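Chain residues, written in single-letter form:
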Amino acid sequence: AVVSTQSTGGLIKRLVRMRLYYLALPIVDYLKIPGGQQMVLSHWAMDKVKRSKESDEAIADVIFKRVGPSDSISYASVANEARNYGKTELAIKLLDYEPRSAEQVPALMRMSRFTNAIEKAIESGDMDLVHTVIVTMEAKQTSRDFINTLKDYPVASAWYAKWCSLTDSQKLHDHFYTQDNFEASALLSIKELDASMMLDSKLKLLESINRHFTDGSKEFETRQTKEQIALLKRQMALQTKVADIIGLDLNETISILVQRALLADADSVRKEFKISDKKFWWLKVRALAQTRNWPELEKFARSKKSPIGYSPFVMACIENNNKAEAMRYIERVSKEEQVEFYIDLNMPEKAAEIAKSAKSIDLLDNVLNAIGSQNTVLTETINSFKSGL
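Predicted model, so just to flag it, every value in this text is computed and none were measured. (Residues numbered from 1 in each chain as written. Predicted model: local features only at pLDDT ≥ 70, side-chain atom pairs only at ≥ 80, totals over all residues. Heavy atoms only, no water.)

A.B. asks: I keep staring at the pattern of salt bridges and nothing clicks. Help me out?
C.D. replies: Oppositely charged side chains can pair when the atoms bearing their charge come close. Scanning the model with the defined rule gives 19 salt bridges in all. We note a salt bridge from Glu298 to Arg328, for which the minimum N-O separation is 3.2 Å. With a gap of 30 residues between them, Glu298 in helix H19 (residues 294-303) and Arg328 in helix H21 (residues 323-330) connect regions that are remote in the sequence. What you see here is one network of salt bridges that share partners, running through Asp267, Arg270, Lys271, Asp277 and Lys304. (Salt bridge = Lys/Arg side-chain N within 4 Å of Asp/Glu carboxyl O. Helix = DSSP H or I, 4+ residues; strand = E, 2+ residues; numbered from the N terminus.)

A.B. asks: Is there a simple way to think about helix H5 (residues 75-84) in this case?
C.D. replies: Structural remark: α-helix, 3.6 residues per turn; residues separated by three or four positions point the same way. Here H5 has its buried residues at Tyr75, Ala76, Val78, Ala79, Glu81 and Ala82. In the stretch just after H5, Gly86 is the one whose phi turns positive, near 80°. (Buried < 20%, exposed > 50% of the residue type's maximum accessible area, 1.4 Å probe, protein only.)

A.B. asks: In this structure, what is going on with the nonpolar core? I would like to understand it.
C.D. replies: When a protein is soluble and globular, its nonpolar side chains tend to lie buried together. In terms of nonpolar packing, the biggest core is built from 52 residues, with Leu257, Leu297, Phe313 and Ile382 touching the most fellow members. Ranked by residue count, the leading element in this core is helix H18 (residues 277-290), at 7 residues. Once residues within four sequence positions are removed from consideration, Phe313 is found in contact with Trp281, Val285, Leu297, Phe300, Ala301, Ser306 and Tyr329. Counting residues in each nonpolar core, the second largest holds 43 residues, with Ile63, Leu108, Phe114 and Phe176 among its members. (Core = buried A, V, L, I, M, F, W, Y, C linked by side-chain atoms within 4.5 Å. Contact = heavy atoms within 4.5 Å.)

A.B. asks: Quick question: what am I supposed to make of the environment of Leu288 here?
C.D. replies: One can find Leu288 in helix H18. For Leu288, a relative accessible area of 0% translates into the label buried. Placed 28 residues apart in sequence, Leu288 and Ala316 show a C-alpha to C-alpha distance of 8.8 Å. Not counting residues up to four positions away in its chain, the partners in contact with Leu288 are Val258, Asn293, Glu296, Leu297 and Phe300.

A.B. asks: Would you mind showing me how to read the packing of aromatic side chains here?
C.D. replies: Describing an aromatic ring pair means giving the distance of the ring centres and the angle of the ring planes. Taken as a whole and assessed by the stated rule, the structure comprises 7 aromatic pairs. Ring geometry for Trp281 versus Phe313: centroids 6.3 Å apart, planes at 65°, classification edge-to-face. Residue Trp281 is found in helix H18, and its partner Phe313 is found in helix H20 (residues 311-319); the two are separated by 32 residues along the sequence. By relative accessible area, which is 3% here, Trp281 ends up buried. Residue classification places Phe313 among the buried residues on the basis of a relative accessible area of 0%. Chaining the aromatic ring pairs together yields one cluster made of Trp281, Phe300, Tyr310, Phe313 and Tyr329. The ring of Phe300 carries the charged tip of Lys284 above its face, separated from the ring centre by 4.3 Å. A cation over an aromatic ring shows up here: Arg332 above the ring of Tyr310, its NZ or CZ 3.9 Å from the ring centre. (Phe/Tyr/Trp six-rings, centres within 6.5 Å; stacked < 30°, edge-to-face > 60°. Lys NZ or Arg CZ within 6 Å of the ring centre and 35° of its normal.)

A.B. asks: What should I look at first to understand the side chain of Glu296 in this one?
C.D. replies: Tracing the chain through its elements places Glu296 in helix H19. This buried residue, Glu296, is left without a salt bridge; Lys299 holds the nearest opposite charge, at 4.4 Å. Sequence-distant contacts of Glu296, defined by excluding residues within four places in its chain, comprise Leu263 and Leu288. (Lys, Arg positive; Asp, Glu negative; His and termini not counted.)

Here is the structure:
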């Protein structure tokens, strides 16, 4: 006789209620009843959890050996049954067999097993799941436990930092602090520096950055930040004399002080920040020329022997369109440089004369290249000079 699906279904349910699983299972296998095997094995596993007096490890082992590493049943559902009967450790062991992270991880969280949950979420590679665990941990764990958990799992820590960077900068500061990530704390504070900030607030933020770099043993960054703090303090003190000095770098600060004829202040800044003589002379020469303070430039040139030579004086004068002042210094540079400068000043005859006095065919050729073929008289003169060498 043909057995109807309805009568078979009722039979299977009765067998399951009577815990005659060894009879129900071959029937559903033989008749290929959809979902039948899953239903029978699930009831058997839950019944095993509820009634067995064996150890948690033995029960979990028996179930796994019978069901195997498959999704034929929901290990998470069986684990939930174990939890309902107070067998938490058995539930955790059963969840190790659950192949679906989306069921495994929430079940672990319901049992407040956050360490297991974050491990499984990270193993799954599902960052949405990792995020869910982190948010739940933050809400349910103590602050100390949450911090310690993140310390043990760099992937989770990095994801939390990314989330905070999008939602709450203060939380991100706190996170970096609790993770002893001093460099990240400093870099985050640097991003928050704003030209429109009140000076006192900017100074406090810089001091905070300096502490972070110090705690992180970042010697170079610590020195740079200390210098920035000192520079800002000096600029604040000079603001009554130079309103637009705030925010300039060290070189710009010295330059603007020279340009505003605050030479004593410029020299004081040089000493405080240990600016080398060579750098200071370069900055001062250019600044004096830019403001066309020619008397002060000449005075500076005479003050002592220039540590940078006198080419920068000539170049600064040429750049600021003062041929007469350039001539004042040009004889104090080498003949090779004189030739180039006279060419720049459109004085090729003088350049040729200097090249001849240097007895240099190369320098004479440089002048020839500069004048081209139009100045035939000078070309003949230079060629004559070359013949005589």
